[in-house]
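Understanding the architecture of this molecule
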Amino acid sequence: KQEVTQIPAALSVPEGENLVLNCSFTDSAIYNLQWFRQDPGKGLTSLLLIQSSQREQTSGRLNASLDKSSGRSTLYIAASQPGDSATYLCAVTGNTGKLIFGQGTTLQVKP
Amino acid sequence: EPEVTQTPSHQVTQMGQEVILRCVPISNHLYFYWYRQILGQKVEFLVSFYNNEISEKSEIFDDQFSVERPDGSNFTLKIRSTKLEDSAMYFCANKAQISTDTQYFGPGTRLTVL
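Attention in this report is confined to the structure presented alongside it. (Residues numbered from 1 in each chain as written. Chains lettered and ligands numbered in written order. Predicted model: local features only at pLDDT ≥ 70, side-chain atom pairs only at ≥ 80, totals over all residues. Heavy atoms only, no water.)

Some thoughts on the overall build of chain A
Assigned secondary structure in chain A consists of 0 helices and 11 strands. For chain A, the α and β elements follow one another from N to C terminus as β-β-β-β-β-β-β-β-β-β-β. Taking 2.2 N^0.38 as the reference for a compact globule, 111 residues should give roughly 13 Å; the C-alpha atoms of chain A span a radius of gyration of 13 Å, in line with that estimate. Sorting the 111 residues of chain A into buried and exposed places 44% on the buried side. For chain A, the exposed surface amounts to about 5,100 Å²; the carbon and sulfur share of it is 48%. The positive charge centre, built from 9 side chains, and the negative charge centre, built from 8, are 5 Å apart in chain A. (Helix = DSSP H or I, 4+ residues; strand = E, 2+ residues; numbered from the N terminus. Rg over C-alpha atoms; globule rule 2.2 N^0.38 Å. Buried < 20%, exposed > 50% of the residue type's maximum accessible area, 1.4 Å probe, protein only. Areas by Shrake-Rupley, 256 points an atom, 1.4 Å probe, with all protein chains shown as cover. Lys, Arg positive; Asp, Glu negative; His and termini not counted. Charge placed at Lys NZ, Arg CZ, Asp CG, Glu CD.)

Observations regarding the sheet that holds strand 7 (residues 62-67) of chain A
Residues and elements named next belong to chain A. In space, the 5 strands of this open sheet follow the order 1-3-8-7-6, with antiparallel pairing throughout. Lying at the two open borders of the sheet, with one neighbouring strand each, are strand 1 (4-7) and strand 6 (56-59). Strand after strand, the sheet turns through a mean of 15 degrees between neighbouring axes, direction not considered. Pairing analysis gives 6 bridges linking strand 7 to strand 8 (residues 72-77), with the strands arranged antiparallel. When the sheet's bridge partners are listed, Asn63 is paired in strand 8 with Tyr76. (Pairing = 2+ DSSP bridges. Axes fitted to C-alpha atoms, helices over the stretch in contact; angles between N-to-C directions.)

So, the pattern of salt bridges
For the structure shown, the criterion picks out 4 salt bridges over all chains. For B:Glu56, the salt bridge is made with A:Lys98, and the minimal N-O distance between the two is 3.0 Å. Within this pair, whereas B:Glu56 is found in strand 6 (residues 53-57), its partner A:Lys98 is found in the loop between strand 9 (86-93) and strand 10 (99-101), the two belonging to separate chains. (Salt bridge = Lys/Arg side-chain N within 4 Å of Asp/Glu carboxyl O.)

Topic: the state of the cysteines
Inspection of the entire model under this criterion finds 2 disulfides over all chains. Residue A:Cys23 pairs covalently with A:Cys90 via a disulfide, S to S 1.9 Å. When the S-S torsion is -55 degrees, as for the bridge of A:Cys23 with A:Cys90, the disulfide is left-handed. Placement of the pair is A:Cys23 in strand 3 (residues 19-25) and A:Cys90 in strand 9, with a sequence separation of 67 residues. Accessibility assignment for this pair places A:Cys23 and A:Cys90 in one class, buried. Residue B:Cys23 pairs covalently with B:Cys92 via a disulfide, S to S 1.9 Å. Classification of the bridge connecting B:Cys23 and B:Cys92 rests on its S-S torsion, roughly -55 degrees, and on that basis the disulfide is left-handed. (Disulfide = S-S within 2.5 Å.)

Focus: the environment of A:Val13
Residue and element names in this part refer to chain A. Mapping Val13 onto the fold places it in strand 2 (residues 10-14). A relative accessible area of 5% places Val13 in the buried class. Sequence spacing of Val13 and Pro111 is 98 residues, and the spatial spacing of their C-alpha atoms is 9.1 Å.

Describing the interface of chain A and chain B
Facing 24 residues of chain A, the contacting portion of chain B comprises 20 residues. At the boundary of chain A with chain B, total buried surface from both sides reaches about 1,600 Å², with 52% on carbon and sulfur atoms. Broken down residue by residue, the surface that chain A buries against chain B is led by A:Leu44, A:Lys98 and A:Phe101, which jointly contribute 27%. Applying the counting criterion to the chain A and chain B interface returns 1 salt bridge. On the surface where chain A and chain B come into contact, there are 8 residue pairs in polar contact (both at pLDDT 80 or more). Sorting the residues of the side of chain A that touches chain B by element identifies strand 4 (32-38), strand 5 (44-51), strand 9 and strand 10 of chain A as the ones contributing at least two each. When the residues that make up the side of chain A that touches chain B are grouped by side-chain class, the tally is 8 nonpolar, 13 polar and 3 charged. (Contact = heavy atoms within 4.5 Å. Buried area = accessible area lost by both parts, 1.4 Å probe. Polar contact = N/O pair within 3.5 Å; in protein donor to acceptor, adjacent residues only side chain to side chain. Nonpolar A, V, L, I, M, F, W, Y, C, P; charged D, E, K, R; others polar.)

Here we look at the pairing of strand 8 of chain A
Residues and elements named next belong to chain A. Of the two faces of strand 8, the one lined by Ser73, Leu75 and Ile77 is fully buried and the one lined by Arg72, Thr74 and Tyr76 carries no buried residue. For strand 3 and strand 8, the ladder comprises 6 bridges, and the chain directions are antiparallel. Among the inter-strand pairings, Leu19 is bridged to a residue of strand 8, identified as Ile77. Between the antiparallel neighbours strand 7 and strand 8 lie 4 residues, among them Gly71 with a positive phi of about 70 degrees.

What follows is the structure, given as structure tokens:
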């Protein structure tokens, strides 16, 4: 059974810092991995999707990497801003299409 | 940019009552999902739906739950007799292709069962 774990559970950094969020999964037989952002009481916004054949994806200040064989992904946020404060969720997709989520990392960026 | 919409945004109901949560997916998307998130817990898969049939369901999705596309556009989740533990955020999601595409989520419906 696929399990997704995110470390750390919470992170607080000063504005401008670069940071890395970690995600690990137990079964490497995934089709893709998706990173989401969730603001308090809100829905999920897709940030990046990495196909299983890819190593990384970039969007603006965000860079996500995938090491499928070791069951790991990282989300790198460059030059963090207070507006980046949110919970970041990692989720993997298997052959049935459903997403299996980690518990998230809650990020606070202090001005 | 197309988006997924959900109604209502918040539903309060008494235990034992039926509720219907509604979703309008992105046009031309073929694969539909419901997830839920109990406060402070992980987002959990409930059910997937394709070609007017359930493709997969979790153990959470018991006989009290059902899904349908009543008019070919809306996608609904019905809970027949709500329990206190059904209180959660319910998210609808959809995508164009089975395995390779991004899933797009709606803003969610917060269900509170009293």
